[in-house]
Amino acid sequence: MKKVSLPKFPVKGGCQCGKVRYALRNPPSVFYICHCTECQKQSSSAFGQSMRIAADDLEIMGVTARYSRQSCSGHVLNCDYCPACGSRLFHRRDTYGAEINIKAGSLDDTSWFKPAGHIWTGSKQKWVTLPAGELTYEGQPSDYEAMKRRWREMTS
């Protein structure tokens, strides 16, 4: 199993123009890759990088704007972004409880990332090859507990 060497916390990140910055005080509960067509469109890439954290562990410096929409899984997704440059930084659903997702590519240092799993692989780009042994879900997982367990194993 791949191991992750966590950096010293807090870690920082922000939008492209620098008007919104944030600090994450503690390690995430999971880091995963989403291959849904919505994340492909939002990131203008092959997938989105999501890092689930306790919302209380996030300190935001600057003002964000929010829009809400229905996701392909049928849940309302609340998306926070920089109103100056448009960079999406966070998203959350009511089903996340006290957690929020950081769009992980917005962190200043991304060198330590290794995903615990991949979701919505049924819509991944055909040229993306997933390594053997990865946790994968064709669509939305019913819960994230298996990926969170894998993440704990990877970071211990």
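Reading the values: the criteria
Residues numbered from 1 in each chain as written. Predicted model: local features only at pLDDT ≥ 70, side-chain atom pairs only at ≥ 80, totals over all residues. Heavy atoms only, no water. Phe/Tyr/Trp six-rings, centres within 6.5 Å; stacked < 30°, edge-to-face > 60°. Helix = DSSP H or I, 4+ residues; strand = E, 2+ residues; numbered from the N terminus. Lys NZ or Arg CZ within 6 Å of the ring centre and 35° of its normal. Core = buried A, V, L, I, M, F, W, Y, C linked by side-chain atoms within 4.5 Å. Buried < 20%, exposed > 50% of the residue type's maximum accessible area, 1.4 Å probe, protein only. Contact = heavy atoms within 4.5 Å. Pairing = 2+ DSSP bridges. Polar contact = N/O pair within 3.5 Å; in protein donor to acceptor, adjacent residues only side chain to side chain. 1 Å grid on protein atoms, 1.4 Å probe; cavity = no way out; pocket = protein on both sides within 12 Å on 5 of 7 lines; lining within 4 Å. Points joined across faces, edges and corners; volume = space filled by probe spheres on them.

Visitor: Describe the packing of aromatic side chains, with residues and values.
Guide: All told, the structure shown has seven aromatic pairs when counted by the stated rule. Ring plane angle 45° and centroid distance 5.2 Å describe the contact between Tyr32 and Tyr144, whose orientation is recorded as tilted. Note that Tyr32 is positioned in strand β3 (residues 30-34) and Tyr144 in the loop between β10 (118-119) and α2 (145-155), a separation of 112 residues in sequence. Three or more aromatic residues joined by ring pairs make a cluster, and in this case those are Phe9, Phe31, Trp112, Phe113 and Trp151. Above the ring of Tyr96, the side-chain terminus of Arg52 is found at 3.7 Å from the ring centroid. Arg52 extends its terminal NZ or CZ atom over the ring of Tyr144, reaching a point 4.3 Å from the ring centre.

Visitor: Outline the nonpolar core, supporting the account with residue identities and numerical values.
Guide: Ranked by size, the top nonpolar core spans 36 residues in total, and within it Met51, Ile102, Trp112, Ile119, Met147 and Trp151 carry the most contacts. Elements with a minimum of two residues in this core: β2 (21-24), β3, β4 (48-54), β8 (88-92), β9 (99-103) and α2. For this core, the leading source of residues is β3, giving five residues. In this structure Trp112 touches Val4, Ser5, Leu6, Pro7, Phe9, Pro28, Met51, Leu107 and Trp151, once residues within four positions along its chain are discounted.

Visitor: Explain the pairing of β9 to me, using residue names and the numbers behind them.
Guide: β9 sits mainly inside the fold: five of its five residues count as buried. Taking every second residue as pointing to the same face, both faces of β9 are buried, with Glu99, Asn101 and Lys103 on one and Ile100 and Ile102 on the other. With five bridges joining them, β4 and β9 adopt antiparallel strand pairing. Counterpart to Arg52 in the pairing with β9 is Asn101. One ladder, built from two bridges, connects β8 with β9; its direction is antiparallel. Note on β9: the bridge partner recorded for His91 is Asn101. In this antiparallel pair of consecutive strands, β8 and β9, the connection spans six residues, and Gly97 shows a positive phi of 65°.

Visitor: Talk me through the sheet that holds strand β6 (residues 65-70); I want residue IDs and the actual numbers.
Guide: Taken in spatial order, the seven strands line up as β6-β7-β8-β9-β4-β3-β10 in an open sheet, and their pairing is mixed. Both outer strands of the open sheet, β6 and β10, are each paired with one neighbouring strand and no more. Examined bridge by bridge, β3 and β4 share five bridges and lie antiparallel to one another. When the bridges of β4 are listed, Tyr32 appears paired with Ser50.

Visitor: Got a sec to walk through the environment of Ser43? Specific residues and values, please.
Guide: Among the structural elements, Ser43 can be located in helix α1 (residues 37-43). Considering only alpha carbons, one finds Ser43 and Gly122, 79 residues apart in sequence, at a separation of 18 Å. A distance of 2.7 Å separates the side chain of Ser43 from the backbone oxygen of Cys39, its partner in a polar contact. Separated by 3.0 Å, the side chain of Ser43 and the backbone oxygen of Phe47 make a polar contact.

Visitor: Would you mind going over the layout of surface pockets in detail, with residue names and values included?
Guide: Remark: the empty space left among the atoms is shown by a probe the size of a water molecule rolled over them. Reported here for the largest pocket is a volume of approximately 310 Å³. As for the largest pocket, its lining consists of 16 residues, and the residues nearest its centre are Gln42, Ser43, Lys103, Gly105 and Ser106. Breaking the lining of the largest pocket down by element, the ones donating at least two residues are α1 and β4. What the second largest pocket holds in volume is close to 190 Å³.

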